[in-house]
Amino acid sequence: MADVNQQKPSAPKRVLSVPYRRLSEEEAQLPATAYGNRRVQEIDGNFFENFAALSWKQENHRLRTAHELQSLEKGKNAKANEADHPPPCETSVVPHPKSHKLSRKEFELLYIEVLYTIKHKIGTTSGGHSPYIHDLYQYAQESFRVGPEDHARLLAKASEEKPPIVILNVTVVEAKGLEAKDADGFSDPYCMLGIIPGSRLSGAANAKDEGFSSDEEKHHKKKNPLQKFSESLRKKHGSNKADKKEKLPAKYIQATTVKNNTLNPVWNEKFRFDLEDVNSDKLHIDIWDHDDESSVFEAAKKLNEVSGFKGFSRFFKQIAQSARAGSSGNVDDFLGCISTSLHDIPSTGIDKWFSLQGRKAKRTVQGQIRLKFHLATREDRGIPEEDNWTDVRQHEDLMAIFIEHEIQKCDEVYKWVGELPQAAQTILHQHAIQGDITPVQQAMCRWLSYSRKHMEHPFDYEYLLQVLEELEKSWEPGSLSRDEEESVVESFNIFIEYCLNLIRNMRHLFPPTNKAAYHRLEFVLKCLVYIYDMRLFKKCCPFQKDLHSEVVQVIKKGNLEWYEKINAQVKPITKLMDDVTTIGELPEDYESEEETINSLVELVNIINIDAHKAKHYYHPLFQSIVKVNYFPSSYKQIEKLLADDAGAILEEELADGEAGAEMREVSKHQSVLSSPKPKELGTTLFELYLALKEFYHYKDQLSHSDRKALTMLNYHEWFKGTLTTWFSLATQKLMNRTHKAVELDKELEKVEAVDPLIKHSTSAVDVCCCFLQMVEFWKCLSWPDVAGSYTFVTMLTDALCKAAKHYADNVHQKLKEAGYYDEIGQFDVTEQLCITINNIEQVRKALKPLPEQLHFAEIEHAVGKAHGEHAERQTRQALHKLIEGADKEMVQKIKQVVDRVADRMRPDIKKDVFHLCWAPEALPAEKAINHLMEYLDSNLLTLNKHLLRTNFERILDSIWVEVLEEIKEVIAQEEEGKTKSFYERLYDSCKILEDFFHAGKKGLSKTQLYSEQYRELLKLMEYNRSNTPRLIELYYQQRLEEQEALEKHEYGVLTVRVFYRDDQLVVEILHAKDVIPLDRNGLSDPYVLIELVPEHVFPDQEVQQTRVVKNNLNPLFEETFEYTVSKKQCCHHGASILFTVMDHDLLMKNDYAGEAIFSLNEVPGIHGEEVTGYEALKESHLPLTQPRPKMSGALSVLESRTDDKMAQDFVKKRRTIEEEAAANCKPES
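Residues numbered from 1 in each chain as written. Predicted model: local features only at pLDDT ≥ 70, side-chain atom pairs only at ≥ 80, totals over all residues. Heavy atoms only, no water.

Draft legend 1. Region of interest: the nonpolar core. Of all hydrophobic cores here, the largest spans 230 residues; its most connected members are Phe 622, Leu 936, Ile 959 and Phe 997. In this structure Phe 997 touches Leu 936, Leu 940, Leu 956, Ile 959, Trp 960, Gly 1003, Leu 1004 and Leu 1009, once residues within four positions along its chain are discounted. Grouped together as the second largest cluster of nonpolar side chains are 35 residues, Leu 1092, Phe 1117, Tyr 1123 and Ala 1135 included. (Core = buried A, V, L, I, M, F, W, Y, C linked by side-chain atoms within 4.5 Å. Buried < 20%, exposed > 50% of the residue type's maximum accessible area, 1.4 Å probe, protein only. Contact = heavy atoms within 4.5 Å.)

Written out as C-alpha cells, the structure is:
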C-alpha cells in the first residue's frame, strides 16, 4: 500500500521484550564430551567414539612426526628432541677398512726423522708457526707417546746423523720497466745468477780491507761484492799467491734464457743452489742485454769448464769491462743487478719485487725483478735428488699420527674440524721444506692421512671437502708421480666405497631428526660429487662408473635391507613360531588375525614416517647435490615390497570361500572384499586402511607414468565389503543410541537444559554428536574413488536421516504421553515444551551441512563424468531427496508442536481481540489493545527465553497468523456499528501489533510480517477507514496494480507517449495491437477515449477521443492531445489517465473493447526536469484489461455507502462498464 503508514497513533510503541543478544544455533552446538550423556555412549562400548578417534589418532601420529622434524628446522633445544644429540656412530654400522700399521722399527725411524727435522730447523719462523724448539720436541713426544728415556735415546741417534745440505730454490719470475739498449727501443734480457759463498767473500774482502780509508768505503764495497771480487782478482793477477790454484764449484753461477725484444720479460725459470752457510752466503743476480755469441751469456754456459780461480775471474773481468763499455763494442749491455742475504729467508719462502741497482753508486739503472725463493735440504743418501717418495710417505704417516693424537683429545669427535695445533703445523711444515715436498704432495698427504683417519674416527665431512678442494687446486698434470697417483686413486676408491655404505645405512646413521647427522649426510654427498668432478680422479679413473648409477644402486640395496629389517621386527610372534603345532602352546591372548593386521598397520605407519622424511628431507639433498630423484625411486621400490606383503596378508586373513577366489584377483585390483567374519567389527582394519591411504597420498609426488606403474594403487577395493558391513552395523547402533538418548532424558524428573546458555537437552547433543562422529569417520576415510563413493554416501545419508526422523518421532511421542495434545486441563507455555521443540530443531539442523560435508557436488560430477548426465541428475535427486524428505518431515513435526501452541492460545487471543474491536469509540487503540498485548507478552517471554531463534520465529509467526485471523473474522462479521472510527482504531492496533512482533529486528522480519494475509487485511481496513474521494483514488491504484500484475495480454496492447512540458500534459495515442474483434466480420472499428481520473482531481477536464479506424485490429492513430493541468494535480495520489478502447457502430451502441490505466505520478517533466530527446520520444505499452465484478476491494466498500451520492455515482459508472465488458468480451483468464 502506498500510504499504509500515513496515520499512526501518537502514543509510544509497545514492543516484544527480547534479550539484547541471543545465541544462534551454531553457538548452541557443543561437543558431546562436555554435555553428552556418558550412559548413552556406553551402551555400545563407545562404538562411534572409537571410530571417530581413528582420524585423531592418525593426525596425532602425523603431527608428532612433523613436530620432531620442525624442531630440527627451528633449532629448538628440547630434552625429548634428539636434534642436538651426537649423530649415530658410523663405525658401528660400517666398519672402517684396514689401513697400514707402522712396525716398531718404522715407528722409531719416523720419530728419529721428526727429531732430526726439529733439530735442523731452517728458515726464520713465520706464518703462525712455533719459534720454540722445546715446544716442538714436547709436542712430538706427546703425539708419539714416547717416554723420556726413549725420547733421549732416539734424540741421541738423531743428533749423530750428518747435518743436511741446505738448498736454495730460486724462481726467476719476471721483470718490468727495464732499460732499452737496442736501436729498436727494446732489449733482449736474460739473467745470470749465482751464490757468493760467505767464506770466499770474507777472504777477498779482508785482502782489500788494508787499502780502505774509511767505514763508508767498506760499506760501499760490501754492497758490490761481485765487482770488488773481480777487482781483487785483477790486482793479484801478477803475484804468485794469485796464481795459486783453488777450486770453485761450477754450481755457483747459472743463467736464464734470453727473452727477445721486450722490456718486461717473463721467465718463470727455476734454479737450485747448494749453500755452504745460509747465514753468510748471498744471492747475486745480473741482468744483461744479449748482443752477440761471445757474450757473458755464452761464457756463463762454459762455466763448467772453469777449473780454477783464475778462469773464474776472467769472466767477471769481462762483466766489469761490459759495465764500463756501455753501449759501444760487441759485448752484452748491463741492465742492472741485485744482491741479497739469505740468512733472513722465512721458512715459508719469499715472493717479492726487487729494484735493480748499478755496479757503481753514480750509475743509475731502472726496472724491477720479481723473485721467489725458499729453502730446502737434502741428505747424501746415494739416491737421485728428485726422488723424495720416502719423505712423502713419512710426511703422510707423521700427519696421521698428529691427527690421531688430536682426535684422542676430543670429547665429541664428530665436531672436530681437522685443525692441528701450531706445534704440529710447524713440524709438518719443516718436514715438508726439508724434504723438498711440493705443495701438491703436501695436499696429497693431507688427503691420504685425513681420509684414512676419518674412516677410523669420523669427524667433520665439511673439512674433508676442504682438503679435497686444496688437492684439486694444487694438482696439475705431471705434478705427481705414478706411485703417488696410484696411492691417491686407492684412497679415493676406499673412501667412495665407505661413503656408499653410509648411504646404504643412512636411515640409521643420518636421521633428519638429528641436526648433526643430517648435516653430515649433506657433506658426504658433496664429497662424493666433488671427487667424481676432480680432474685428478677423471685422469686416473677413466673407467669408473658414474656416481648417479652408483648412488641409485646403493639406495635400492639400502631400501631392501631396511624394509626386511622392519618387517621382521613388527611381525607377530605367532608368525615366527614355525614349530608350534598345537593351540595349547600359543599365548592365552593369541588372536592370529588381529595380531597380523596390527603388525601390518605398524609396518605401514613406519613406512609412512620414512616416506615423510624421504620427501621433505632426503629427496631435496639427493636431488640438489647428486641429481638423484630419491623419493620416486625409493617410494616405488617400497610400494612394490609393501604391496606383495599386504596383498598376501589381506587375502589370507580376510578372504575365504568364494571371496577368496575373488581376492586372488589382487594383481588386477578390482576385487570386492567380502563381509568380515560375523563378529564385532573393530577398528584395526580401518587403521590399516588409513595407514595405506596416507602412504598412497604420497603418489602425488610421482610422475603420471610412475603412478600408473604402482602395484596396489586400488588398495581401497579391499575394504569395500568391510565398509558396507560397518555402515549396516553403525545404522543399527545409531538407532539404538537415538532411542536410548530420548529414554535417558525421559528418566529425568523433567527435561532440563544442560547449560543455562544452551537451549536443548542431552538427547539432542548425543544424537548430533553421533552424526558428527559418523561424518568425521567418513571424511577421515577420504574414499579415493569419488564416483564409487556414491553408494557409501547414500548409506551414510540415509542412516543419518532415518535417525533424525526416528528422534523426532520419539520426542513427539514423549509430548503426547505428557498430555500435550489433550484438550482438557490448563495450557501453559513451559520450559519443558521449549526444550523439546529445540531438540527436534537441533537435530534437524545437523542434517543441513551434509551436502557440503559429504561433498555431494563432487560425487555428482564424478558420476556424471563416468556415466553421463542422466546418471548425474539421478544421483543429485537421490542424495538431496533423502535430506529434503527428512527435513520436511521434521519441520512438519516442529510445526505440529508450534501450531498446537498457537491453537491453545487462540481462545484467549479471540477474547482479547473482541475486547479490542468493540471497546468504546473514545478509547484509543493503545489502551484498547492492552489486554491482548499483556497476554502475548507474558507467554512470548517464556518462549523467547527457552527457544532457539528459529523456533521462536516459527511460533511468533504462528501466533501472528492466529491474531490476524481473529481480526479478519471480526471485520467479516455483518454487524452494525462498524464506523470509520472502528476501522481507524483497528488499523492502528494492527500497526502496534506489527511493531510488537517485529521487536526492533529481534522478532519477525518485515518480510515475514507482510504476508499476503496481512497485506489484504491492511487494504481492507484502509478502504473502510478512507473517505469517498480517497477510496476512489485507491480504486484506480488497485486497478493499476492489477494491470501491472498481468502476464498475458489477451485484450491487446495500446502504445502511447505521455510527457509534461510548458504547463501542458501532452498525450500521444500512437497505435494499438491485437484489439479484440467485436464486429461480425471478425474485425473492429476501434477508437480511443482519453479521460483524466479521478474526476474530483480533474473536475474541468473533458473526455477526448481519437478518430475511428475502420476494420482494423491493429489501428494506427498517431494523434496528440493536450491538457492544461498543474503539476500538483498530476502528482496527486491516484492521478491517472484512463484509456478506453471502443468499437464504433453506426446503428447500434458502441461496444466496449478494454481499458488501460497510466499513472501520472511518474510522467517525464512532472517534477520540473526538462523533457528533451529520448524522454520526449519514450513510448509506453499498456495492456488492455476487462474489469470484473468483485465482492471485495475499494469498489465494494464504495458500494456499501448507500447514503453517499458521490460513491453511488462512481459505483454505477464502473458497474456499467463491468456489465458491458461481461456482455461483449471473452472471460479474463
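Draft legend 2. The arrangement of the sheet that holds strand β10 (residues 1064–1073) in detail. With antiparallel pairing, the four strands of this open sheet are ordered in space as β13-β10-β9-β16. Edge positions in the sheet fall to β13 (1116–1123) and β16 (1180–1183), since each of these pairs with one other strand and no more. Put simply, the sheet's adjacent strands are angled 25° from each other on average, direction ignored. Where strand β9 (residues 1053–1061) and β16 come together, four bridges link them in antiparallel fashion. Note that in β16 the partner of Val 1053 across the bridge is Pro 1183. (Pairing = 2+ DSSP bridges. Helix = DSSP H or I, 4+ residues; strand = E, 2+ residues; numbered from the N terminus. Axes fitted to C-alpha atoms, helices over the stretch in contact; angles between N-to-C directions.)

Draft legend 3. Region of the structure containing the sheet that holds strand β3 (residues 253–255). Strand order across the open sheet formed by four strands is β3-β2-β5-β6, with antiparallel pairing between neighbours. Edge positions in the open sheet fall to β3 and β6 (333–341), since each of these has one partner strand only. Here the strands of the sheet are splayed against their neighbours by 15° on average, with no regard to which way each runs. As paired elements, strand β2 (residues 189–196) and β3 share three bridges and run antiparallel to each other. Pairing of Met 192 across the sheet is with Ala 255, part of β3.

Draft legend 4. Summary view of the environment of Ile 43. Within the secondary structure, Ile 43 is located in the loop between α2 (38–41) and α3 (47–74). With a relative accessible area of 38%, Ile 43 lands in the partly exposed category. Along the backbone, Ile 43 and Lys 733 are 690 residues apart, and their C-alpha atoms lie at a distance of 9.2 Å. Ignoring anything within four residues of it in the chain, the contact list for Ile 43 reads Asn 736, Arg 737 and Lys 740.

Draft legend 5. Representation of the packing of aromatic side chains. Within the structure shown, the criterion is met by 46 aromatic pairs. With centroids separated by 5.9 Å and ring planes inclined at 20°, the aromatic side chains of Phe 47 and Trp 726 adopt a geometry described as stacked. Here Phe 47 is found in helix α3, whereas its partner Trp 726 is found in helix α27 (residues 720–747), with 679 residues between them in sequence. On the basis of relative accessible area, Phe 47 is assigned to the buried category, the value being 4%. Residues Tyr 696 and Tyr 715 carry aromatic rings whose centres are separated by 5.1 Å and whose planes lie at 10° to one another, so their mutual orientation is stacked. You can see Tyr 696 sitting in helix α25 (residues 684–697) and its partner Tyr 715 sitting in the loop between α26 (704–708) and α27, a full 19 residues away along the chain. Tyr 696 gets classed as buried once you look at its relative accessible area, which sits at 2%. The ring of Phe 47 has Lys 733 lying over it, and the distance from NZ or CZ to the ring centre is 5.2 Å. (Phe/Tyr/Trp six-rings, centres within 6.5 Å; stacked < 30°, edge-to-face > 60°. Lys NZ or Arg CZ within 6 Å of the ring centre and 35° of its normal.)

Draft legend 6. Representation of the pattern of salt bridges in the model. Taken as a whole and assessed by the stated rule, the structure comprises 65 salt bridges. Residue Glu 717 pairs with Lys 720 through a salt bridge whose shortest N-O separation is 3.2 Å. Salt bridges sharing common partners tie together Arg 906, Lys 910, Glu 962, Glu 965, Glu 966 and Glu 969. (Salt bridge = Lys/Arg side-chain N within 4 Å of Asp/Glu carboxyl O.)

Draft legend 7. Main features of the packing of helix α15 (residues 461–474) against helix α16 (residues 482–504). Between α15 and α16, the least distance of the axes is 14 Å, while the angle of their chain directions is 150°. When the interaxial angle is binned, α15 and α16 end up roughly antiparallel. The hand of the α15/α16 crossing is left-handed. Contact with α15, carried on its side by Tyr 461, Leu 464, Leu 468 and Leu 471, involves Val 488, Phe 492, Phe 495, Tyr 498 and Leu 502 of α16 and no other residues of that element. Its residues assigned to classes, the contact of α15 with α16 shows nine nonpolar, no polar and no charged. (Parallel < 35°, antiparallel > 145°, perpendicular 65-115°, else oblique. Left-handed = near helix turned anticlockwise from the far one by under 90°. Nonpolar A, V, L, I, M, F, W, Y, C, P; charged D, E, K, R; others polar.)

Draft legend 8. Up close: the environment of Val 970. Among the structural elements, Val 970 can be located in helix α36 (residues 949–972). The exposure class assigned to Val 970 is buried, which follows from its relative accessible area of 7%. Linking Val 970 and Trp 918, residues 52 residues apart in sequence, is a C-alpha distance of 9.6 Å. Once residues within four sequence positions are removed from consideration, Val 970 is found in contact with Val 913, Cys 917, Trp 918, Lys 978 and Phe 982.

Draft legend 9. Representation of a nonpolar patch on the surface. A surface patch of nonpolar side chains, amounting to about 470 Å² of accessible area, comprises Leu 1146, Leu 1147 and Met 1148. As for its placement among the helices and strands, Leu 1147 is situated in the loop between β14 (1136–1143) and β15 (1151–1159). (Patch = residues over 30% accessible without salt bridge, like charges linked within 9 Å, V, L, I, M, F, W, Y side chains within 5 Å. Areas by Shrake-Rupley, 256 points an atom, 1.4 Å probe, with all protein chains shown as cover.)

Draft legend 10. Expanded view of the pairing of β9. Burial runs high along β9: eight of the nine residues are buried. Pairing of β9 with β10 involves nine bridges; the strand directions are antiparallel. Its bridge partner lying in β10, Thr 1055 is registered against His 1071. Following β9, the chain reverses through two residues before pairing antiparallel with β10; Asp 1062 in that reversal takes a positive phi of roughly 55°.

Draft legend 11. Region of interest: helix α18 (residues 515–533). Taking 1.5 Å per residue, 19 residues should reach 27 Å; α18 reaches 28 Å between its end C-alpha atoms and fits that length. Among the residues of α18, Ala 517, Tyr 518, Arg 520, Leu 521, Phe 523, Val 524, Leu 525, Cys 527, Leu 528, Ile 531 and Tyr 532 are the ones counted as buried. (Expected span 1.5 Å × (residues − 1).)

Draft legend 12. Geometry of unusual backbone geometry. With an omega of -5°, the peptide bond between Val 1093 and Pro 1094 qualifies as cis. Positionally, Pro 1094 belongs in the loop between β11 (1086–1093) and β12 (1104–1105). With a phi close to 55°, Asp 436 is a non-glycine residue in the positive phi region. Examined against the element boundaries, Asp 436 turns out to sit in the loop between α13 (422–434) and α14 (439–456). By relative accessible area, Asp 436 is classed as partly exposed at 24%. Residues other than glycine seldom take positive phi values, yet Asn 1111 does so here, at roughly 45°. Using a relative accessible area of 42% as the deciding quantity, one classes Asn 1111 as partly exposed.

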